[in-house]
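# Report on the structure
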Amino acid sequence: MVREGFSPRYTMMTLMGLHRLEEAGGESAIDIQSALQALLSNLDWIKDIGDLGVLLWTCALVAPERLRELEGRIELDTALLRYRSAKRGVTMELAWFLTGLSNWALACPEKLPRLRNLAFRTFAMIMKNRGEQGFFGHLSRGARIEGTIRGRIGSFADQVYPIYAFTRFSQAYQEESAMEAALLCARGICGEQGSLGQWWWHYDSVRGRVLEGYPVFSVHQHAMGPMVLFALGEATQNDFTPWIYRGLKWINADNELSFDMEDDAAQVIWRCQFRPTSQVRTYLKAAFSGWSAEAPYSAKKDLKVLFECRPYELGWLLYAFAGRAGLRSSGERPVAAGENRGHRIAAQETPTSGKRRS
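This structure is a prediction, so every number in the text was calculated from the model and none was measured. (Residues numbered from 1 in each chain as written. Predicted model: local features only at pLDDT ≥ 70, side-chain atom pairs only at ≥ 80, totals over all residues. Heavy atoms only, no water.)

This brings us to the overall build of the protein. Each helix and strand in the protein was counted, giving 15 helices and 10 strands. Expressed as a percentage of its 358 residues, the buried residues of the protein come to 55%. Counting only carbon and sulfur atoms, one obtains 50% of the accessible surface of the protein, whose full area is about 15800 Å². (Helix = DSSP H or I, 4+ residues; strand = E, 2+ residues; numbered from the N terminus. Buried < 20%, exposed > 50% of the residue type's maximum accessible area, 1.4 Å probe, protein only. Areas by Shrake-Rupley, 256 points an atom, 1.4 Å probe, with all protein chains shown as cover.)

The next subject is the packing of aromatic side chains. Each aromatic ring pair is characterised by the separation of its centres together with the angle its planes make. Throughout the structure, instances matching the rule amount to 22 aromatic pairs. Summarising the aromatic geometry, the rings of Phe-136 and Phe-166 are spaced 5.8 Å apart at their centres and angled 80° between planes, so their arrangement reads as edge-to-face. With Phe-136 in the loop between helix 8 (112-127) and helix 9 (144-150) and Phe-166 in helix 10 (residues 157-173), the pair connects residues that are 30 residues apart, well separated along the chain. Taken individually, Phe-136 and Phe-166 each receive the classification buried, so the pair is uniform in this respect. (Phe/Tyr/Trp six-rings, centres within 6.5 Å; stacked < 30°, edge-to-face > 60°.)

Once that is clear, we can look at the sheet that holds strand 9 (residues 304-306). Strand order in the open sheet formed by three strands is 4-8-9, and the pairing between neighbours is antiparallel. The strands lining the two open edges of the sheet, one partner per strand, are strand 4 (216-217) and strand 9. Where strand 4 lies against strand 8 (residues 272-274), two bridges are found, and the strand directions are antiparallel. In the sheet register, Phe-217 faces strand 8, and the bridge partner there is Cys-272. (Pairing = 2+ DSSP bridges.)

Quick look at the packing of helix 2 (residues 32-41) against helix 3 (residues 49-62) now. Contact geometry for helix 2 and helix 3: axes closest at 12 Å, N-to-C directions at 145°. The element helix 2 and its partner helix 3 pack so that their crossing is left-handed. Contact residues: helix 2 offers Ile-32, Gln-33, Leu-36 and Leu-40, while helix 3 offers Leu-55, Thr-58, Cys-59 and Val-62. Here the contact of helix 2 with helix 3 is composed, by residue class, of six nonpolar, two polar and no charged. (Axes fitted to C-alpha atoms, helices over the stretch in contact; angles between N-to-C directions. Left-handed = near helix turned anticlockwise from the far one by under 90°. Contact = heavy atoms within 4.5 Å. Nonpolar A, V, L, I, M, F, W, Y, C, P; charged D, E, K, R; others polar.)

Okay, the pattern of salt bridges next. This structure, assessed with the given rule, holds 15 salt bridges. Of the charged contacts, one joins Glu-69 and Arg-66 as a salt bridge, the two residues approaching to 3.1 Å between their closest N and O atoms. A relative accessible area of 38% places Glu-69 in the partly exposed class. On the basis of relative accessible area, Arg-66 is assigned to the buried category, the value being 17%. The shortest N-O distance in the salt bridge between Asp-77 and Arg-114 comes to 2.9 Å. Taken together, the positions of Asp-77 in the loop between helix 4 (67-71) and helix 5 (79-82) and Arg-114 in helix 8 put the pair 37 residues apart, joining distant regions of the chain. By relative accessible area, Arg-114 is classed as partly exposed at 33%. Counted as one network, the salt bridges with shared partners bring together Arg-9, Asp-48, Asp-51 and Glu-93. (Salt bridge = Lys/Arg side-chain N within 4 Å of Asp/Glu carboxyl O.)

Take a look at the structure:
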């Protein structure tokens, strides 16, 4: 195993997972507050709106008492104007920022009026990247040539993080349209889930369908998919568990390669199953030549396992599942995800082969 790099972003996501573990009665081997203090001691690592959003999200959950001090250091009111990812309208980064603002408002209700305008502006920016069928593109289609090529195509992360952000935003500000958009997107990804429970990789927000299936990432299967669908399901009393647990089965050899992605000896879950493809070619074909409904996005040819694991993958796993035992003991049966309740509903990277990495 080769340790590689340092990521404040991954650190924060891991801390939130460990915090959930401690809340559930478990014990973290890492001192969460010391690690957070190291991040807060110097904020020069904040390079974009996503970094700031995840920091607000982390503080709101792990140490809400630190938010007052942090507010005086981050120039919050100009955040959407200062950072390049905000100016380009990058969906995932803006969703993290909206999640941070919403969790801050929920943790400190006296801040609801202070954060309201900024939260609604961020929500509106993300909604501009949404197609009629409910899927989100990666960034604003008005972002020059890049927006023309990439704007309409969203990754799985570009779907799930807005679902989570809109859920929390709606809970903070009772914005019905946000919850409705979250439900539409969630039902969309569930409707497109693969026969082996795969959460597919790229979605065409204009045509409302899967564009490219691979890589299939383990973190989507065991963490990101479950954590947002659990949160949305509990907020709206919809039951997404059939799709959540179908996706989990993919991890343990019930997948294309019959390979167990959970490696007990290495104490990791390997990152993904992928095949070498040109992402640029995918974007160009979708933008300029159209994409056949019969595109073989789920073809299993030439698949390989990427032997890499990043800390946030396990952090989000804890965030999704720590403390879930007994949550459904009340006996209330959720409404199925495809049903209408009839009342108010308040950067990704291309994988590469190489040494096993953690």
